[in-house]
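# Inside the fold
Letter by letter, the chains look like this.
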Amino acid sequence: MSLRIREALAGVLIGTAVGDSLGLPMEGMSACRQQKLFRPPLRQRLVGSFGLISDDTEHTFMLAQALLEAGDDVAAFQRELARRLRWWLASLPAGVGFATLRAILKLWIGIPPVRSGVWSAGNGAAMRSALLGVYFMNREEKRHEFVHASTQITHRDPRAEIAALAVADTAAWMTEPGEDWDILLQSLAKISELSEWTVLVERIRSGLAGDQTVAGFASDLGAAGRVSGYAFHSVPVAIYAALRHREDFESAVTEALACGGDTDTVGAIAGALVAARVGVEGIPHRWRSRVIEWPCSIDLLRRVSERLGRQMERRHPLGPIPYCWPAIPVRNLLFLAVIMAHGMRRLFPPY
């Protein structure tokens, strides 16, 4: 396996965590309020000058562990991811999307993962799909099969799966430097004949051709000043930012987050996509070093990526990486206290 693919695997996991940690303190804020409350330059701010991760990174980590458990067996992968999602909810996460919450509750009462998804076009499936793009970069059919299995657990709306497929396909393309982005857009347009989706792909194409800013692109989607959690808002903005700055992690994430709204997810997806191309070393060290998460640390994500790389070579499951999972509920209680403190801070000026 090439060093580039190994770095792409690590880049996706760590890029997700960094983008997530940068966007988390400003989640839900309008672009205008964000600019007043958080002066540039962009940095982690959740705990002083340090950052933590949210469900975006946690879901990507669980997906990676499920891959290590199941290998190419898609049914086993779906079971393992569903099992991990059940226990993730039991660990009292501070942030969980409403659709994902309902789906996991259905899993807990015995509904199988093939029927647990709820009708929602949220971005929960998309936020964990970039890793599947890199892992199955040369196997499109298998990539789409696994994205479908992952999405099916939590979301049934076709738009959620289209967005998740787009993230995975973009991540796969990002690992091959030098290719024309028009080739990718032709591929993305073929994902679905849904008119809303084909219009979005054409908007990405025209925006890139005209060197439109990320904020301008978001505004054209009807997401001026605040990108929602609707998959056809957050995912196109993240993909656009990643393609516009595909060699520049800092610019891609900075411009994506400046759009406001669902910043942790948009930052996580944009960060994953660009890092699939530039690798871990392309992520600014000052941002990587300020993620103080535990037990799902940057070091753990690196070790998971290394094992995934070896598994890609050997084509059989190597088993998940052990970590201190009993510490997660304690971590989540502390995380909740931090989030509540940030919520209180937002009650005060500047407005």
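Residues numbered from 1 in each chain as written. Predicted model: local features only at pLDDT ≥ 70, side-chain atom pairs only at ≥ 80, totals over all residues. Heavy atoms only, no water.

## A short note on the overall build of the chain
- Each helix and strand in the chain was counted, giving 17 helices and zero strands.
- A compact globule built from 351 residues would reach a C-alpha radius of gyration of about 20 Å, and the chain, at 18 Å, matches this within 12%.
- In terms of overall dimensions, the chain has a C-alpha envelope of 50 × 45 × 40 Å along the principal axes.
- Surface summary for the chain: the accessible area is close to 13,800 Å², and the carbon and sulfur share equals 57%.
- Within the chain, one finds 39 positive and 36 negative side-chain charges whose respective centroids are separated by 6 Å. (Helix = DSSP H or I, 4+ residues; strand = E, 2+ residues; numbered from the N terminus. Rg over C-alpha atoms; globule rule 2.2 N^0.38 Å. Areas by Shrake-Rupley, 256 points an atom, 1.4 Å probe, with all protein chains shown as cover. Lys, Arg positive; Asp, Glu negative; His and termini not counted. Charge placed at Lys NZ, Arg CZ, Asp CG, Glu CD.)

## Quick word on helix α13 (residues 249-257)
- Regarding α13, the residues found buried are F249, A252, V253, A256 and L257. Angularly, the buried residues of α13 cover 115° about the axis, an arc narrow enough to put them on a single face.
- Capping the start of α13, D248 holds a side-chain oxygen 3.3 Å from the backbone nitrogen of E250, two or three residues further along. (Buried < 20%, exposed > 50% of the residue type's maximum accessible area, 1.4 Å probe, protein only. Arc of directions from axis to C-beta. Polar contact = N/O pair within 3.5 Å; in protein donor to acceptor, adjacent residues only side chain to side chain.)

## Digging into the packing of helix α1 (residues 3-23) against α13
- Running from amino to carboxyl end, α1 crosses α13 at an angle of 40°, the nearest separation of the two axes being 11 Å. Regarding the angle of α1 to α13, the classification is oblique. Here α1 runs over α13; the crossing is right-handed. For the pair α1 and α13, contact is made by G15, V18, L22 and G23 and by F249, V253 and L257, respectively.
- Classifying every residue of the contact of α1 with α13 gives five nonpolar, two polar and no charged. (Axes fitted to C-alpha atoms, helices over the stretch in contact; angles between N-to-C directions. Parallel < 35°, antiparallel > 145°, perpendicular 65-115°, else oblique. Left-handed = near helix turned anticlockwise from the far one by under 90°. Contact = heavy atoms within 4.5 Å. Nonpolar A, V, L, I, M, F, W, Y, C, P; charged D, E, K, R; others polar.)

## Digging into the environment of A166
- Within the secondary structure, A166 sits in helix α8 (residues 158-174).
- Look at A166 and you get buried, because its relative accessible area is 0%.
- Separated by 175 residues in sequence, A166 and A341 place their C-alpha atoms 36 Å apart.
- Residue contacts for A166: discarding those within four places in its chain leaves L188, I191, W197 and I239.

## Focus on a nonpolar patch on the surface
- A cluster of nonpolar residues, M344, L347, F348 and Y351, forms a patch on the protein surface that exposes about 480 Å² of accessible area.
- Mapping F348 onto the fold places it in the segment after α17 (328-345).
- Taking the relative accessible area as the measure of exposure, F348 reaches 49% and is therefore partly exposed. (Patch = residues over 30% accessible without salt bridge, like charges linked within 9 Å, V, L, I, M, F, W, Y side chains within 5 Å. Salt bridge = Lys/Arg side-chain N within 4 Å of Asp/Glu carboxyl O.)

## Quick word on the nonpolar core
- One finds L67, F77, W197, V237, L243, V304 and L308 to be the most contacted residues of the largest nonpolar core, which totals 111 residues.
- With eleven residues, α8 is the single largest residue contributor to this core.
- If we ignore the near neighbours within four places in the chain, the residues touching L308 are L9, A64, L67, L68, L131 and Y135. (Core = buried A, V, L, I, M, F, W, Y, C linked by side-chain atoms within 4.5 Å.)

## Comments concerning unusual backbone geometry
- Looking along the chain, the bond that leaves P40 and enters P41 is cis, with omega of 5°.
- Position of P41 relative to the elements: it lies in the loop between α2 (31-37) and α3 (55-70).
- Here the amide bond leading from P349 into P350 is cis, since omega sits at 5°, within 30 degrees of zero.
- As for its position among the elements, P350 is in the segment after α17.
- Within the chain, L92 stands out as a residue other than glycine whose phi angle is a positive 65°.
- Positionally, L92 belongs in the loop between α4 (74-90) and α5 (98-108).

## Side note on the layout of surface pockets
- If you add up the space inside the largest pocket, you get close to 570 Å³.
- Around the largest pocket sit 25 residues that line it, and W87, W88, Y323, W325 and I328 are the ones nearest its centre.
- Within the residue set of the lining of the largest pocket, elements represented by two or more residues are α3, α4 and α17.
- In terms of residue count, α4 provides more of the lining of the largest pocket than any other element does, five residues in total.
- The space that makes up the second largest pocket amounts to roughly 480 Å³.
- If you go around the second largest pocket, you meet 34 residues; those closest to its centre are E27, D55, G95, V96 and D264. (1 Å grid on protein atoms, 1.4 Å probe; cavity = no way out; pocket = protein on both sides within 12 Å on 5 of 7 lines; lining within 4 Å. Points joined across faces, edges and corners; volume = space filled by probe spheres on them.)

## Details of the pattern of salt bridges
- Evaluation of the coordinates by the stated rule reveals 19 salt bridges.
- Among the salt bridges present, the one from D72 reaches R139, with a minimum N-O distance of 2.6 Å. Residue D72 is found in the loop between α3 and α4, and its partner R139 is found in the loop between α6 (130-135) and α7 (140-154); the two are separated by 67 residues along the sequence.
- Look at D72 and you get partly exposed, because its relative accessible area is 28%.
- Residue R139 is classed as partly exposed on the basis of its relative accessible area, which comes to 22%.
- The salt bridge partner of K142 is E145, with a shortest N-O separation of 3.6 Å.

## Concerning α4
- Taking 1.5 Å per residue, 17 residues should reach 24 Å; α4 reaches 24 Å between its end C-alpha atoms and fits that length.
- Within α4, the full set of buried residues consists of V74, A76, F77, Q78, E80, L81, A82, R84, L85, W88 and L89.
- Of the surrounding secondary structure, the elements contacted by the buried residues of α4 are α3, α5, α6 and α7.
- With its phi angle positive at about 65°, L92 sits one or two positions after the end of α4. (Expected span 1.5 Å × (residues − 1).)

Just geometry here; none of it tells us what the structure is for.
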